[in-house]
Amino acid sequence: MSERTRTTTRNPIRTLAGRVRRPATHHASHPSHPDDPSGPSRQRRQGASVVDSAIYVDGRRTSSPERLADTFRALRELDESVGWIGLYRPTQDELAALASEFDLHELAVEDAIMAHQRPKIERYGDTLFVVLRAARYVDASEQVEFGEVHLFVGPDFVITVRHSEAPDLSAVRRRLESDPELLARGPEAVLYAILDRVVDGYLPVVRGLHNDIDEIETEVFRGDPAVSRRIYELSREVIEFERAVRPLATVIQSLSAGFEKYGTDEELRRYLRDVEDHLTAVREQVEGFRHLLRDILTVNATLVAQKQNEEMKTLTEASMDQNEEVKKISAWAAILFAPTLIGTVYGMNFDAMPELHWRLGYPFALGMMGVVSAALWGVFKGRRWI
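Quick caveat, the model's predicted, so the values are computed rather than measured.

## Let's talk about the overall build of the protein
Counting its secondary structure elements, the protein contains 10 helices and 9 strands. A total of 386 residues make up the protein; the buried ones form 43% of that total. For the protein, the proportion of contacts with a sequence separation of at least 24, taken over those separated by at least 6, is 65%. Of the roughly 20,800 Å² of accessible surface on the protein, a fraction of 53% belongs to carbon and sulfur atoms.

## Some remarks on the packing of helix α2 (residues 68-77) against helix α3 (residues 92-102)
For any two helices packed against each other, the geometry is given by the interaxial angle and the distance between the axes. For the pair α2 and α3, the least separation of the axes is 11 Å and the interaxial angle reads 15 degrees. It follows from the interaxial angle that α2 and α3 lie roughly parallel. Crossing hand, α2 versus α3: right-handed. The segment α2 lies against α3, with Leu68, Phe72, Leu75 and Arg76 engaging Glu94, Ala97, Leu98, Glu101 and Phe102. Grouping the constituent residues of the contact of α2 with α3 by class yields 6 nonpolar, no polar and 3 charged.

## Describing the pairing of strand β8 (residues 143-153)
Burial analysis of β8 places 8 of its 11 residues in the buried class, which makes it a mostly covered element. The pairing of strand β7 (residues 127-138) with β8 spans 11 bridges and is antiparallel. Each bridged residue has a counterpart across the sheet, and for Arg136 the counterpart in β8 is Glu145. Count of turn residues in the β7/β8 antiparallel hairpin: 4 residues, of which Glu142 carries a positive phi of about 55 degrees.

## Notes on the confidence of the model for the protein
For the protein, the average pLDDT comes to 79, and 84% of its residues sit at 70 or higher. Here residues 1-15 is modelled with pLDDT under 50, and outside its nearest four sequence neighbours on either side it reaches 48 contacts, counting other chains as well. A low-confidence stretch, residues 17-47 stays under pLDDT 50, and its non-local contacts, those more than four residues away or across chains, total 90 contacts.

## A few points about unusual backbone geometry
A positive phi is found at Asp58, a non-glycine position, where the angle reads about 55 degrees. Tracing the sequence through the fold places Asp58 in the loop between β3 (50-57) and β4 (60-63).

## Thoughts on the side chain of Glu242
Within the secondary structure layout, Glu242 lies in helix α8 (residues 227-261). Of the polar contacts made by the side chain of Glu242, one reaches the side chain of Arg290; its length is 3.0 Å. Once residues lying within four places of it in the same chain are set aside, the contact partners of Glu242 are Pro247, Val286, Glu287 and Arg290.

## Examining the sheet that holds strand β9 (residues 157-162)
Read from one edge of the open sheet, 7 strands run β4-β3-β5-β9-β8-β7-β6, paired in mixed fashion. Bordering the open sheet on either side are β4 and β6 (120-124), each of which pairs with just one other strand. Strand-to-strand, the axes of this sheet are offset by a mean angle of 25 degrees, without reference to chain direction. With 5 bridges joining them, β6 and β7 adopt antiparallel strand pairing. If you follow Glu122 over to β7, its bridge partner there is Phe129.

Calculation criteria
Residues numbered from 1 in each chain as written. Predicted model: local features only at pLDDT ≥ 70, side-chain atom pairs only at ≥ 80, totals over all residues. Heavy atoms only, no water. Helix = DSSP H or I, 4+ residues; strand = E, 2+ residues; numbered from the N terminus. Buried < 20%, exposed > 50% of the residue type's maximum accessible area, 1.4 Å probe, protein only. Contact = heavy atoms within 4.5 Å. Areas by Shrake-Rupley, 256 points an atom, 1.4 Å probe, with all protein chains shown as cover. Axes fitted to C-alpha atoms, helices over the stretch in contact; angles between N-to-C directions. Parallel < 35°, antiparallel > 145°, perpendicular 65-115°, else oblique. Left-handed = near helix turned anticlockwise from the far one by under 90°. Nonpolar A, V, L, I, M, F, W, Y, C, P; charged D, E, K, R; others polar. Pairing = 2+ DSSP bridges. pLDDT = per-residue confidence, 0-100. Polar contact = N/O pair within 3.5 Å; in protein donor to acceptor, adjacent residues only side chain to side chain.

Now the structure itself:
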């Protein structure tokens, strides 16, 4: 990191990043707010990756450099200043300039450029590299969207690199600027505030997922055929959400250990413990969602199997009833076919036929028809076809 001359003689305070930071020796006036159209936020609208860049002394913004070079120069010139540079999808050249000025490790810079990292914390010399994954619930599509933010935290600077709209770091900056006493605690205060914002953003996601699970339970017992697909999609979202939440616990635990090791301000340590409590509650609910969805999927499979069994039973009964009707029709057809066959034979125009010139030939033919029909009826009745 470029060395900056500090002329103050006050007692040094050890920071989490491992370097010595001294209390500020002067105050400065507060410039325009970052949301002011005439302020640095106009850089974002012009398409630059620098969303906001500010120099703080005693928790108050003293300048808002429009170029990174101006930010570097201001940090060198102002005693006990803290710089906060916010970037949105920066170019490789911009990160290279930051890496050269602040002595950022090439592996951390590579991660910040590539993105798609899991939450983690790494120490490179006196600089911390922290990766956080934010999440937000979109009511319109009932889906969870994930974001990613990378932080470089040094003794007198914070660099935030975002690759998505979430989390809203402008709200974090406004909160800290409205509380100079908290911001004056240094880069660790910025790191805490961003952590707090990310974890607080998990709560609406938890509520949205809870509502989705309630709806799925209703659809399962209502027999909605499309519910299986929704269970699968929601399970994937819960797993992805868990991948964002679970590693963050290790990050906070590492930060807590660092806060204790370097004697970070006790108030910040309390704030961090509060964030850890909130994260623990979120983790427990997410884990419960995963188990609940697994149980719902099992119940749905059972209900689907029962419904299929009932349908098969109904089809089997219908098939059996149909078979009975076919038997009856076949039996009566056979009974009626026998006399028809006899009558057809005697109706043929042949001169030499049995009993043709016999006086009792006609009654004999009718009797034979009756006997054959009665015999067939008896056979089919015995087999319960009729």
